[in-house]
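# Architecture and fold: a report
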Amino acid sequence: ADAHKAGSAAERGTLTHRFLQLMDLAIDPEEPRVRQQLTALVASGTLPASAETLVDTAGVTAFLRSALGQRVRRAADRVRREVMFVTRIQPDQIDKTVSSVDHHDVVLLRGMIDIMLPCDDGLEIIDYKTDSITADQVHERTEQYRMQLELYAQAVADIWRMPVKAKWLVFL
């Protein structure tokens, strides 16, 4: 049962990310409209039928209605979604106890930025999380993702040569 639950959780995360990548961000953020887009993507074969039950359209709608979601919607034609990157970082950035004897030693970091949102003087990055957590667990889970966000922000700043002004976790 745990393996099935983990598989469903992974599939839920993958399908939610894919839906958020494909959906029209400029739509009216009402759950029936969000669900209508999901249904259309399933009907076209773009998403599998399981997306209908695994994607939390109420959570997606709540995000789109939030202050951050409204900013994303206003910039829908300028945001970049699911942006892949690869960069090199020093080993001690991941583990302070690791010291390199050769300055050429690096760790390759590969990631995907869920949303890069342009702002007046740089970029903001948004990372969706589909973890099943309670409101009481948000702070603890945010701490678990802190290093990932910091490393992603550094990568974005280095690659796009623009400062990252804010980093956001969106729990759906």
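Residues numbered from 1 in each chain as written. Predicted model: local features only at pLDDT ≥ 70, side-chain atom pairs only at ≥ 80, totals over all residues. Heavy atoms only, no water.

Their axes nearest at 9 Å, the elements helix α2 (residues 31-43) and helix α4 (residues 57-65) cross at an angle of 120°. In terms of their interaxial angle, α2 and α4 are classed as oblique. Crossing geometry of α2 relative to α4 is assigned as right-handed. Residues E31, V34, R35 and L38 of α2 lie in contact with α4, whose contacting residues are T57, A58, V60, T61, L64 and R65. (Axes fitted to C-alpha atoms, helices over the stretch in contact; angles between N-to-C directions. Helix = DSSP H or I, 4+ residues; strand = E, 2+ residues; numbered from the N terminus. Parallel < 35°, antiparallel > 145°, perpendicular 65-115°, else oblique. Left-handed = near helix turned anticlockwise from the far one by under 90°. Contact = heavy atoms within 4.5 Å.)

The four strands are arranged β1-β2-β3-β4 in an open sheet whose pairing can be described as mixed. The open sheet has two edge strands with one neighbour each: β1 (80-89) and β4 (164-171). On average, each strand axis in the sheet is tilted by 40° relative to the strand beside it, whichever way the strands run. Two strands pair when backbone bridges link them, and β1 and strand β2 (residues 107-119) are joined in this way by nine bridges, in the antiparallel orientation. Bridged to I89 within β2 is V107. (Pairing = 2+ DSSP bridges.)

Further remarks concern the pairing of β2. Pairing between β2 and strand β3 (residues 122-129): five bridges, direction antiparallel. Across the sheet, M116 pairs through a bridge with I125, a residue of β3. Once β2 ends, the chain turns through two residues before running back antiparallel as β3.

As judged from the seven bridges shared by β3 and β4, these two strands associate in the parallel manner. Each residue of the ladder has a partner; that of E124, found in β4, is A166. Running through helix α6 (residues 138-160), the crossover from β3 to the neighbouring parallel element β4 is right-handed. (Right-handed = clockwise from strand over helix to strand, strands pointing away.)

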